[in-house]
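# Breakdown of the fold
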Amino acid sequence: MISTLRLFAAGLWLALVPPALVPLHAQDPPAQAGGEAPADAPRWAFEDSDVPVDAGYVFGTLPNGMRYILRENATPDGTALVRMRIGSGSLEERADERGLSHYLEHMAFNGSTGVPEGEMVRLLEREGLAFGADTNASTGYEAVTYKLDLPRNDEGLLDTALMLMRETASELTIAPAAVERERGVILAERRDRAGHALSAYEDEVEFLAPAARYGERLPIGTLEVLESAGAADIRALYERTYVPANTVLVVVGDYPVELMEAKVRAMFADWQGGPAPEEPVTGPVDAARKGLTDIHIDPALSESVALSRLSPFEDEADTLAARERATLRSIGYSIVNRRLAALARGADAPFNSARFSSGDLFEDARLTSLTVNTADGQWREGMLAAVRAVNEALTHGFTRAELDEQLAGRRTGLQNLAAAAETRTHAAYVSGALRLVDDGTIPTEPEFRLALFEKLAARITPETVHDALIEDAAPLEEPLIRVEGRTAPSGGEDALRGAFAEAMALPIAPPDEAGALAFAYGDFGEPGNVVEDRVDERLGIRLVAFDNGVRLNLRRTDIRKDRLQVRIAVDGGQLLETVEDPLATAMVVALAGGGLGAHSQDELATILAGRTVSFGVSSASDSFVVTGGTTPRDLELQLQLAAALLTDPGYRPEGEERYARSVENYFASLDATPGRALGTAIGGILSDGDPRFTLQPQEAYLAKDFAQLLDVLADRFERGAIEVAIVGDIEEDEAIAAVAATLGALPRREASFRERTEARKRTFTRDRSPRVLTHAGEADQALVRLTWPTTDDSDHEEALRLAVLARAVRIALTDSLREELGEAYSPGASSSPSRTYEGYGTFQVQAALDVASVDIARAAIVGVVEDFRAGKIDADTIERAKRPLLEDYQNALKTLTGWMNLVRRVQSEPERIDRWLAVPERLGRIGAQEIAAAAERWLDPAGAVEILVLPRGD
């Protein structure tokens, strides 16, 4: 099994818009469409393995060598996903082609034999696919993947999707003029992605593997190549890599597999091409490299130290024996990391987090690392504690209790997968299919995985797990030590080496065998009585009220078997913040870190092992919110946890300590990027410095403690209105009984959420003068944002008009700033009508761009707005803006999240259902005239607040 280590996946996985594991299978034998496959066609990994592939998949190979993976699936029903994977990424590029795989990916949207330049995205928008969300592509080291998410399952839409994939496969025109027009977009994306994270990754690669080819083949490419490459250069790469033998098509969705297979064969059978390129070189990586030190400094980076050792790569195919070894060593790493997490959660924690792991660097080496993330200047304390914990584990092994905790968690995860197998999502099946192609991991049925685990679990011991970990992990002797952060370690390399030697010499001891812990919160008193129980027949939502004032909204649906979502809203939230105390609820996010009165957060991790529950609370606009994804088996425990948090929060000091460390880290990089600088300042700018919406001084946050939070929360947790929502595969009467025995059993509380009329007042600044902020990021990065005041969302039709206007403006800006001018990679527009603050809302347009292009971008934005205000907007643009909104609406209630968004406050906000049901009719009435009127009403260029973010220049 080849499992390539993705050291910096987010930055290397390039997409047209910054992007978004489970089983698969085969026929018996795998389907060979259109005749026999070529003798040299790639084999499927399961053909040479004893691991049984998930029989729900259909695998096939066309005579031209193109492979396909198909699966009929109905979750969500009436939809489908289409992916085309070209098995060559940036590693395939020659020295003078660096960045052209990604450039070529962009050209797939810029004209082909059957689709004129600029029409592909428009065609898909008319079908309801939003650019970025449903229409996308990504380039990595080893592959380019094209992605279409189909919102309907009509045959015509599948035909369109396959036609576009076929056009991409061999019919791209790559016209010189189109290449020149796209060059600005490519350079804009490269500029936007540059920064501290990419720089840190490049430094890490140079340190670990200075001679490796993969370090010189970043998918974003080099400026020299991107500025000079022509159409002929891109076409040469296209013809070399986009060939049938190098392509896998994946279709998963609500179509008969026979239909999918026939259409794939008909569309791709005539595609001709040469052989797939040979596997590119990725290394070399010197597995004997050791004893070196690297210090990488950047003001935007939080402090971390990584201790690493390389070892030889061992190729291991996916077999039953390999899976057993992988399970054993995975449990070993998990136990070590569980110990490290306990240290991070405790009082006087020596580090923020730490992780011990091993993974492959392509097929060149294996890397074992201990990474410790610390507060600034605390690297030494963190290293000492983490190294000692790892040494204790590697030397003395594990306890039975530690093993049982891990087994419980894994067993529950596999049981949950098996119970929900009938409604696994398209995305899960696509992920499994692509992983089979990427690294040879064979997708298997959940029931098989559970049975295999149980067979193995019966003979797993602490000793077998320890032995497997020792066999896999490279000893951290003479490690490669790499530190990154805002300042260099005091004492430099010598201090780092000295601290490691000190850590290795610390005394260690065998772990204590801990006793079992029992959950202390099972009895909340006499269960509450139901005083109201009715059903809103329009959407089948059951509305229940208890005699203590708690309300419950239920919607049973089996769109996800064995899955539930729970949301508990308690009156309060950010409306409790005042001008005098704008940080009243700032520490709510730290509450879980304080545990419960009877259990610390770390003890809860042990007690709850093997249970599907969540523990934590957040502060929303008018409520404190507890959420959780669970199963019918654990619903009662999830509700018990919530009731315990409301009645007996722990307020332990370790929660305060972790909060303080997070504050310090946040304030240390306020202006690290243009986006961070804008986010830091915009609340204060738009509110004229209203303390409730303005970032306060760091000292104000650090002055907060749990004693002050208790003063804010105590009354609300004791008496505030509660509204519970549960959606999913539930037995309604059992859910009602579980709420009655927990939240319904609490003392009587207020029946309604408080209005807090004064707290709902928020004004938009009258100062329309332009503002200039500075950032400490790249010297060529700028950002411009225009914000207009609008209104709240009480007028549903106006809110919909503003939503369509935002999408239409985004389409126009993409056409102008991106496609015509090549100045911005991903310009955006959005509307934010408030549900909380009366009369308040904003409409914003934003673009990241080159410092030298600010005036061009500003003129383009104002030009689009003026055109809309003048009614210069065509019906096609309106349709392209509306259609994805309508498709989103049609598919929203095919997910538990969609149902929860509707159900969560349906008793306290009963208009939610009326508004929901009215969407199609109201959206249908919106045309060019209505959008022009909305733009005329709200988007006066003179009424916008313009904020420009420029490099600091020091």
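Since this is a predicted model, take the numbers as computed values, not measurements.

With respect to the element layout, A326 can be found in helix 10 (residues 320-345). The partly exposed category is assigned to A326, whose relative accessible area is 26%. Each C-alpha atom, one on A326 and one on A703, is 47 Å from the other, the two residues being 377 residues apart in sequence.

Moving on to the nonpolar core. Note that soluble globular proteins tend to have their nonpolar side chains buried in a common cluster. Counting 55 residues, the largest nonpolar core has L552, I568, L591, I726 and L743 as its most contacted members. Top contributing element to this core by residue count: helix 18 (residues 635-647), with nine residues. In this structure, L743 is in contact with N548, V550, I568, L639, A643, L646, I722 and V724, ignoring residues within four places of it in sequence.

Tallied over the full model, the rule gives 86 salt bridges. Linking D159 and K263 is a salt bridge whose minimum nitrogen-to-oxygen distance equals 2.8 Å. On the criterion of sequence distance, the pair formed by D159 in helix 4 (residues 155-170) and K263 in helix 9 (residues 257-268) is long-range, its members being 104 residues apart. Under the relative-accessibility criterion, D159 is labelled partly exposed at 31%. According to the relative accessible area criterion, K263 is buried, its value standing at 16%. One continuous salt-bridge network, built from bridges that share partners, spans D622, E723, D793, R835, R905, E909, R912 and R915.

What follows concerns the packing of helix 24 (residues 796-820) against helix 25 (residues 854-869). Two elements in contact, helix 24 and helix 25, have axes separated by 10 Å at closest approach and are oriented at 135°. By the angle between their axes, helix 24 is oblique relative to helix 25. By crossing handedness, the relation of helix 24 to helix 25 is classed as right-handed. Packed against helix 24, whose contacting residues are L805, A808, V809, A812, L813, S816 and L817, the element helix 25 presents A857, A860, I861, V864 and F868 at the interface. For the contact of helix 24 with helix 25, the per-class residue count stands at 11 nonpolar, one polar and no charged.

What follows is about the packing of aromatic side chains. In total, this model carries 21 aromatic pairs according to the counting rule given. Ring centres of Y141 and Y214 lie 5.9 Å apart, and the angle between their planes is 90°; on these two criteria the pair is classed as edge-to-face. Highlighted residues: Y141 in the loop between strand 5 (135-139) and strand 6 (144-150) and Y214 in the loop between helix 6 (196-208) and helix 7 (223-228), separated in sequence by 73 residues. The class for Y214 is buried, based on a relative accessible area of 1%. Ring geometry for F268 versus W271: centroids 6.3 Å apart, planes at 55°, classification tilted. Taking relative accessible area as the criterion, F268 reaches 0% and is therefore assigned buried. Aromatic rings pair up to connect W44, F46, Y57, F59 and Y429 into one cluster.

Attention now goes to the domain arrangement of the chain. The figure often quoted for interface size is the accessible area lost as the parts come together. Each domain of the chain was delimited in the assignment, giving domain 1 (58-269), domain 2 (293-422 + 436-505), domain 3 (530-745) and domain 4 (771-951). Here the C-alpha centroids of domain 3 and domain 4 sit 29 Å apart. With 40 residues of domain 3 at the interface, the matching set in domain 4 holds 36 residues. For the pairing of domain 3 and domain 4, the buried interface totals around 3300 Å² over both sides, and the portion due to carbon and sulfur atoms is 69%. The largest contributions to the domain 3 side of the interface with domain 4 come from L539, P674 and L678, which together make up 17% of the buried area. Applying the counting criterion to the domain 3 and domain 4 interface returns three salt bridges. Across the pair R905 and D622 runs a salt bridge, and its minimum N-O distance is 3.1 Å. Listing elements by their share of the side of domain 3 that touches domain 4, those giving two or more residues are strand 14 (541-546), strand 15 (551-556), strand 16 (564-571), helix 20 (674-686) and strand 19 (722-728). Ranked by residue count, the leading element in the side of domain 3 that touches domain 4 is helix 20, at eight residues. In the side of domain 3 that touches domain 4, the residues fall into 22 nonpolar, eight polar and 10 charged.

A separate point is the sheet that holds strand 15. Strand order in this open sheet of seven strands is 13-14-15-19-16-18-17, and the pairing throughout is mixed. The open sheet has two edge strands, strand 13 (530-536) and strand 17 (618-619), and neither has a second partner. As judged from the two bridges shared by strand 17 and strand 18 (residues 623-630), these two strands associate in the antiparallel manner. Looking at strand 18, one finds that S619 is bridged to F624. Sheet strands in contact with helix 23 (residues 732-741) are strand 13, strand 14, strand 15 and strand 19, and its direction is about 25° off that of strand 14.

A few words now on helix 13 (residues 426-439). Here helix 13 contains 14 residues, and its C-alpha end-to-end distance of 20 Å stays within 8% of the 20 Å for a straight helix at 1.5 Å per residue. In terms of burial, helix 13 is largely enclosed, as 10 of its 14 residues are buried. Within the span of helix 13, buried status applies to H426, A428, Y429, V430, G432, A433, L434, L436, V437 and D439. Tucked into the core, helix 13 has its buried residues touching strand 2 (58-61), strand 3 (67-72), strand 4 (80-86) and strand 7 (247-253).

Attention now moves to the pairing of strand 20 (residues 771-775). The two faces of strand 20 differ: R771, L773 and H775 on one face are buried, but V772 and T774 on the other face are not. One ladder, built from five bridges, connects strand 20 with strand 24 (residues 945-951); its direction is parallel. Bridge pairing in strand 24 places T774 opposite L950.

Detail in the predicted coordinates should be disregarded across regions flagged by low pLDDT. Counting all residues, the mean pLDDT for the chain is 94, and 95% of those residues have values of 70 or more. When the criterion is pLDDT under 50, residues 1-36 qualifies, and its contacts beyond four places in sequence or with other chains add up to 146 contacts.

This part is about the packing of helix 24 against helix 29 (residues 928-938). The N-to-C vectors of helix 24 and helix 29 enclose an angle of 95°; their axes lie 9 Å apart at closest approach. The angle between helix 24 and helix 29 places the two elements in the roughly perpendicular class. On the side of helix 24, the interface is formed by E798, R801, L802, V804 and L805, while helix 29 contributes E930, I931, A934, A935, R937 and W938. A breakdown of the residues in the contact of helix 24 with helix 29 according to their chemical character gives seven nonpolar, no polar and four charged.

This paragraph deals with the pairing of strand 11 (residues 365-373). When you tally the buried positions in strand 11, you get seven out of nine residues, the bulk of the element. As paired elements, strand 9 (residues 304-311) and strand 11 share eight bridges and run antiparallel to each other. Within strand 11, the residue paired with R309 across the bridge is T368. Direction of pairing for strand 10 (residues 353-361) relative to strand 11: antiparallel, over a ladder of nine bridges. Counted as the bridge partner of D360 is R366 from strand 11.

It is worth spelling out helix 16 (residues 492-505) at this point. Between the first and last C-alpha of helix 16 there are 20 Å, a value that for 14 residues agrees with the 20 Å anticipated at 1.5 Å per step. Along helix 16, the residues classified as buried are G492, L496, A499, F500 and A503. In a view along the axis of helix 16, the buried residues occupy a sector of 100°, so they form one face of it. Those residues of helix 16 that are exposed and angled more than 90 degrees off the buried face are D494 and A505.

Rules of the game
Residues numbered from 1 in each chain as written. Predicted model: local features only at pLDDT ≥ 70, side-chain atom pairs only at ≥ 80, totals over all residues. Heavy atoms only, no water. Helix = DSSP H or I, 4+ residues; strand = E, 2+ residues; numbered from the N terminus. Buried < 20%, exposed > 50% of the residue type's maximum accessible area, 1.4 Å probe, protein only. Core = buried A, V, L, I, M, F, W, Y, C linked by side-chain atoms within 4.5 Å. Contact = heavy atoms within 4.5 Å. Salt bridge = Lys/Arg side-chain N within 4 Å of Asp/Glu carboxyl O. Axes fitted to C-alpha atoms, helices over the stretch in contact; angles between N-to-C directions. Parallel < 35°, antiparallel > 145°, perpendicular 65-115°, else oblique. Left-handed = near helix turned anticlockwise from the far one by under 90°. Nonpolar A, V, L, I, M, F, W, Y, C, P; charged D, E, K, R; others polar. Phe/Tyr/Trp six-rings, centres within 6.5 Å; stacked < 30°, edge-to-face > 60°. Domains from an automatic or database assignment. Buried area = accessible area lost by both parts, 1.4 Å probe. Pairing = 2+ DSSP bridges. Expected span 1.5 Å × (residues − 1). pLDDT = per-residue confidence, 0-100. Arc of directions from axis to C-beta.

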